Every structure is written in structure tokens, then in C-alpha cells.
There are 2 protein chains.
Amino acid sequence: MSHIGIDLGGTKIYGVVLDDGNVVREAKRKTPVRGGPMGVVDAIADVVSQLGGTDGVTGVGIGAPGAVDALGVVQRAPNLPGWDQPFPLGGAVSECLGGLAVAVDNDVNVGTLAELRLGAAQGSADVLGIFVGTGVGGGVVLDGALRRGPTGVAGELGHMVVRQGARKCGCGGRGHLEAYAGRWGMEKRARRLAADGQDSLLVELGKKNRLTSSSFAKALAADDEVTVELLEEAVAALGTAIASCVALLDLDTVVVGGGLADRLGPGFVERVDSAAREQLFLKDAPLRVVPATLGDQGGAIGAARVALESVDGADR
Amino acid sequence: MSHIGIDLGGTKIYGVVLDDGNVVREAKRKTPVRGGPMGVVDAIADVVSQLGGTDGVTGVGIGAPGAVDALGVVQRAPNLPGWDQPFPLGGAVSECLGGLAVAVDNDVNVGTLAELRLGAAQGSADVLGIFVGTGVGGGVVLDGALRRGPTGVAGELGHMVVRQGARKCGCGGRGHLEAYAGRWGMEKRARRLAADGQDSLLVELGKKNRLTSSSFAKALAADDEVTVELLEEAVAALGTAIASCVALLDLDTVVVGGGLADRLGPGFVERVDSAAREQLFLKDAPLRVVPATLGDQGGAIGAARVALESVDGADR
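Residues numbered from 1 in each chain as written. Chains lettered and ligands numbered in written order. Predicted model: local features only at pLDDT ≥ 70, side-chain atom pairs only at ≥ 80, totals over all residues. Heavy atoms only, no water.

Novice: Would you take a moment to explain the overall build of chain A for this structure?
Specialist: In terms of regular secondary structure, chain A is built from eleven helices and twelve strands. Against the compact-globule benchmark of 20 Å for 316 residues, chain A has a radius of gyration of 19 Å, which places it among compact chains. For chain A, the C-alpha atoms occupy an extent of roughly 60 × 45 × 35 Å along the three principal directions. Burial status across chain A gives 59% buried among its 316 residues. The long-range share in chain A, meaning contacts at least 24 apart out of those at least 6 apart in sequence, stands at 61%. Working note: accessible area of chain A is about 12600 Å², and carbon and sulfur atoms make up 47% of it. Of the charged side chains in chain A, 30 are positive and 38 negative; the average position of the first set lies 7 Å away from that of the second. (Helix = DSSP H or I, 4+ residues; strand = E, 2+ residues; numbered from the N terminus. Rg over C-alpha atoms; globule rule 2.2 N^0.38 Å. Buried < 20%, exposed > 50% of the residue type's maximum accessible area, 1.4 Å probe, protein only. Contact = heavy atoms within 4.5 Å. Areas by Shrake-Rupley, 256 points an atom, 1.4 Å probe, with all protein chains shown as cover. Lys, Arg positive; Asp, Glu negative; His and termini not counted. Charge placed at Lys NZ, Arg CZ, Asp CG, Glu CD.)

See the structure below:
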């Protein structure tokens, strides 16, 4: 039984064919900057066709960067060009594929599901997935099921408060995890420090090119003082948010992935693990904080699993 | 169909007979300070007998101040005298009552359940119950069911971090909600301020008698500067924690009860509502923060509901 999983990102669309838990084919293309939602639908159809079409495929899953409701309508997707109002992505792609079943979920939710079913969180039923990249995304699994919430927007870990009233977040809020642990927040902070006279390799690297996760890894490897400090704050903030989530929800597994965490490697996740443990309310809580294992493919794999689980009603 | 609900507190044991959602009888006595867990079992049996015994009663529910596992074993109960290791409270009370079915859950969980089924949260399926007293307790309802977690300790809202690394909590952690919004934390802070030269009516009142929720209400009514400031911090911290929980879990209803909140009245909860709204990640999230309506009886009513729901397997 094959399922297609599509990871719809702001810059690229990546797809896989998942067969019995294995990726048997993959394809990608750029996300179109023109044409709005229908342009994206056509591009997804193009990726499906690159993957060999839908013969023998039972369903398609899509992980989308935004708030997705239970009917596959993407309510908000600020990172997709021209996507300024709710769009029924699932229905539109299904129509384009001759009526094949299409399931849509939030990209972080599907990434968490992938780690739960086929990655680092296998065997756990109560999991927090954390994805550290430009921002910080989260997926919550409780009693084996993804928590979506009545409006479908659960899991906004990056906008939990770790320091009330403190550093400003990209969303306008204050003291959010993302302001300390997201790349965008750290870059902004580095520029502010540079403006105040404390220069850094990070800002230097950002002058030539857009800062990437590799820029952070490079500056860290060079022991750049500001970078070291920013990453210390990021680790502590992640530990704080994890400890809060464990106190509230009694979770036993935290999976840390995303571009920046993947690039910084297991050592980074070990530091987050220590920071979380130090801040646990119940010191003997059976918590493990582990690196994600599916890397870049996680989103598409998880999207294919969403198709499998929602379309076929397969057991978890 | 009648059920008995027992609210087991550190100072008193309060019981009700719940019949078709109505409290038809009530009884109470002091929690014995000697005799450890078996002394408590006897005292519960005494309250049951004051309530008229178990004739016609289908089951007994107990809300206990501590971590309770799925089998009715109270794992930890620091507020009960002589309760220094896990004790199978459900089994022991059942034996004492001739084998009648007995269900045990955490006191805050049952208080939340009571508000959900018969109080302020009726009609909602995704609810945070907050009980502000000496400390701050929380109960989480997701998709209509209480979240207990794999080790049964979910809902420790008071030990979520609102200000990383800041004020010390009674548990030894830092920056926890309870350090700002619990009576004990506020009292400690008031004493610290007095030691630093900033006297307050609160500390004055605490010299003569143990500070109660009424002392806080009195000092607030007198516009005592320190009390006003402490309650402002409490309101802001509660708003922060609520906003974090909503971001993570997509909840639409928050019920605020407990001795201090009940005593300060609806105006206090309205302030918490405003503080939470100001800090919401999604400004248009459909959130309502409302006062608990069952007051002191909530715990016992919720315990009876736990009996009804777990013993009879009744629908939620």
C-alpha cells in the first residue's frame, strides 16, 4: 500500500512515495512565487507526477505551513506567497488528482507524527516534537494521538512565554521561546548587539549572505562569543519550555529536530536535555530528550502517514 | 443513582451525596493528624457513615491532594500527615466499605471535572481549570476528557515557568507561576519586602494570625501598596501561563477557582481574563476566562462525578 507525502514549504515542495514505511521515491521543485494557492496546487500535482503519478497510490497527505482545520482548509499560511485567505487545499488537490483522497495537516504536526511512527519517538505515546529553524514549531502527541485542538492550531510551542515581558518575538509578543531559540530571533538579537558595539562573526557572515543554520554552526565552531551566548540562551529557553510542558502534560519523550537542531547535531540536543532536566518540577520524571532521526524527509514522511491514517483509517 | 464524593484535604475531609447532579447531603470532619493513611481511611469511613452510609450508593469517589495513579494509589501527598510512601487509598477505603467501588483522583482534577460537568465550563470540551489558593493547581480537559498522563501527574500548572530563572518557588524551582500567584509565594514575598524596609498591611495581619485568603482581600480593600502590587504580579503571571497553555493546546475555556480567587471574586477573574487576552498568540482565539461556580463544594462534587464516570462507565 503506497501513500504520497508532500512537504509544502515556503521555498520548496518536496514529495515522497511511502511504501510499507519506506521511502521508495522522492521528488521536489520550487514553490511558485506567483499564482497563489492554485499555483501551489498545480506545483503539487507536478511533484506527484514526478513521483510516478497516482497509480497504486491509496492517498496523498500534505504538510502545510499554517493553521489547517479538520476539513483540509488552510486557514492561515503567512509563509506562502499570495495565500492571504483560507483555501481548501485538500479539496483542490484531490480534484486535480481525479478525486483521490487527500489529507492536509500542519507541517510541524506531520513532522512530529513521522518521528512518532518511524523515527526517534517510536514506542512513546506522549511526545513533544520541537522543530528549531527560523522559528520554533511544536507538535503535541497525547495518548498516541496528535493534539490538534478545536480550532486546529494547537502546538504553538514557539509562542509559549519563557520570560514574561522580556525579549520581543517576531509575532509582537514578549518573552516567547521563539525569540530566544529561533534563528530569526537570534539573528535579530545579534544585530542589536552589533548596533550596540558588540560585533560578532554571525553578523559578519550575515553581511555577505543570508544567515543559515550553517552560519550558526560555523560561528559556534569559531567560538564566537555572541553566538556562544545566544545558543546558551536558546538551550536554556528550550529547557524551560520543555519543563513547563512536562509539568502541564506529563510527557515522557521530547524529540528535537528542525534545520538548526539538525545542523548543530546531537551535542545541541544533549544540552537541551540537561537544561530541561535541571528545570523539571518532578526531578525523577521519566523524561528523554532526543534528536529527530528523519531529518529533511520527516515532513513528507509524516504527510504520507497522515494520508495512511486518515484515509485508510489505519490503526496508529 | 447516588454517588458519594469525598474531598480529602490537609485539614478537613468533606463529603457529599450526589444524586442526579444535585448535592442531597453533606458532612465533614477534621483530617486526623495521627494514624497516617489508615487513620485517614477510618476518617473517610466516618464521613461516609455521617452521610447516611452506602445503602443505595453505587460508588464512592475521592479527590486526594497528591499524585494518584490509575489504580487509585496515592503516590505522593506531602500535605497529608504521615503519608510518606505510596498508599492504595482506593482499595483500602473499598475494603472498609464492604467492597463498594471506590475511585480516586487528584483533588484539582476532580475540581476541574466538577466545573466541566456541573459548573462554569459546561458545554466546553477543552478546558483549563486553575485553582488559586496556598499554591496554584491545574486540571486540563482535552476533547472532553481529563488529561492524567502516563504517570498520572499532569496538570501541574503552578510549576510552569513564567519568568525563567526568577523568583524562587516553594518547590525549589525558579520563576514558577505559583511563586507569583500562590498565597504562600505572595506571603513570602511580602515578608521579604518588609525585611527590606517596605512594610505592608499583609505582613501586619500575618503577625496576629495565619494569613488567609480573607487577609489578602482585606489588605487589597485597604489599598495596601504591597498587596496591590503582589496581586498585579499574580494577575499578570496567571495571564502569561494561560496564554502559554492556549498556544500549546488550543483551549477555549479557562475556569478560575480556589480559595483566593473565590474570595477576591469575579473582578479578580476579569483581570486575569484581560491579562490572558493581552498575551494571546492568536489575538482572535475564542477564549473565555470565567470564575468557578461550585466553590468549596466543587472538589467533593467532582469526586462523586469521578465515581459515576469510572465506576458506572457513564457517558461524559
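Let's pick the thread back up.
Novice: What should I look at first to understand the sheet that holds strand E2 (residues 12-19) of chain A in this one?
Specialist: Residues and elements named next belong to chain A. With mixed pairing, the five strands of this open sheet are ordered in space as E3-E2-E1-E4-E7. Each edge of the sheet is formed by a strand with only one pairing partner; in this case those strands are strand E3 (22-30) and strand E7 (102-106). Geometrically, the sheet is characterised by an average inter-axis angle of 20 degrees between neighbouring strands, direction not taken into account. Taken together, the eight bridges between E2 and E3 define a ladder with antiparallel strand orientation. In the sheet register, Val 16 faces E3, and the bridge partner there is Glu 26. Across the face of the sheet, helix H2 (residues 89-96) comes into contact with strand E1 (2-8), strand E4 (57-64) and E7 while running at roughly 150 degrees to E7. Against the sheet, helix H3 (residues 107-118) contacts E2, E4 and E7, and its axis sits at roughly 100 degrees relative to E7. (Pairing = 2+ DSSP bridges. Axes fitted to C-alpha atoms, helices over the stretch in contact; angles between N-to-C directions.)

Novice: Explanation requested: the relation of the copies chain B and chain A in the structure shown.
Specialist: Copy one and copy two of the chain differ by a rotation about an axis and a translation along that axis. The operation relating chain B to chain A is a screw motion whose rotation component is 180 degrees, with 0.0 Å of axial translation and a residual RMSD of 0.0 Å. These values place the two chain copies in the arrangement generated by a two-fold rotation axis. Minimal C-alpha separation from the rotation axis in chain B is found for B:Arg163, amounting to 2.2 Å. Both copies contact each other with a shared surface, as 100% of the interface residues of chain B are interface residues in chain A too. (Least-squares fit on C-alpha atoms with pLDDT ≥ 70 in both.)

Novice: What is the right way to read the packing of aromatic side chains from this model?
Specialist: Two aromatic rings, taken as a pair, are described by how far apart their centres are and by the angle between their planes. Residues and elements named next belong to chain A. On inspection of all chains with the given rule, the structure shows two aromatic pairs over all chains. Geometrically, the ring pair formed by Trp 83 and Phe 87 is edge-to-face, given 5.5 Å between the ring centres and 80 degrees between the ring planes. No difference in accessibility class separates Trp 83 from Phe 87, as the two residues are buried. (Phe/Tyr/Trp six-rings, centres within 6.5 Å; stacked < 30°, edge-to-face > 60°.)

Novice: How do you make sense of the pairing of strand E11 (residues 253-257) of chain A when you look at a structure like this?
Specialist: Remark: a regular strand shows side chains that alternate across the two faces of the sheet. Residue and element names in this part refer to chain A. Burial runs high along E11: five of the five residues are buried. The alternating pattern of E11 places Thr 253, Val 255 and Gly 257 on one face and Val 254 and Val 256 on the opposite face, and all of these are buried. Pairing geometry for strand E8 (residues 127-132) and E11, over five bridges, is parallel. Across the sheet, residue Gly 129 finds its bridge partner in E11, namely Val 255.

Novice: Would you mind going over the side chain of B:Asp250 with me for this structure?
Specialist: Assignment of secondary structure puts B:Asp250 in the loop between helix H8 (225-249) and strand E11 (253-257). Buried B:Asp250, no salt bridge; nearest opposite-charge side chain is A:Arg147, N-O distance 5.6 Å. A polar side-chain atom of B:Asp250 sits 3.4 Å from the main-chain amide nitrogen of A:Val153. In this view, B:Asp250 contacts A:Arg147, A:Arg148, A:Gly149, A:Pro150, A:Thr151, A:Gly152, A:Val153, A:Ala154, B:Asp126 and B:Cys245; residues no more than four positions away in its chain are not counted. (Salt bridge = Lys/Arg side-chain N within 4 Å of Asp/Glu carboxyl O. Polar contact = N/O pair within 3.5 Å; in protein donor to acceptor, adjacent residues only side chain to side chain.)

Novice: Just to check I follow, could you spell out the side chain of A:Arg183 for this structure?
Specialist: Residues and elements named next belong to chain A. Note that Arg 183 resides in helix H5 (residues 183-195). Glu 187 provides the closest opposite charge to the buried, salt-bridge-free Arg 183, at an N-O distance of 5.9 Å. Non-local contacts of Arg 183, meaning those with residues more than four positions away in its chain, are made with Gly 133, Thr 134, Arg 210, Leu 211, Thr 212, Ser 213, Phe 216 and Leu 260.

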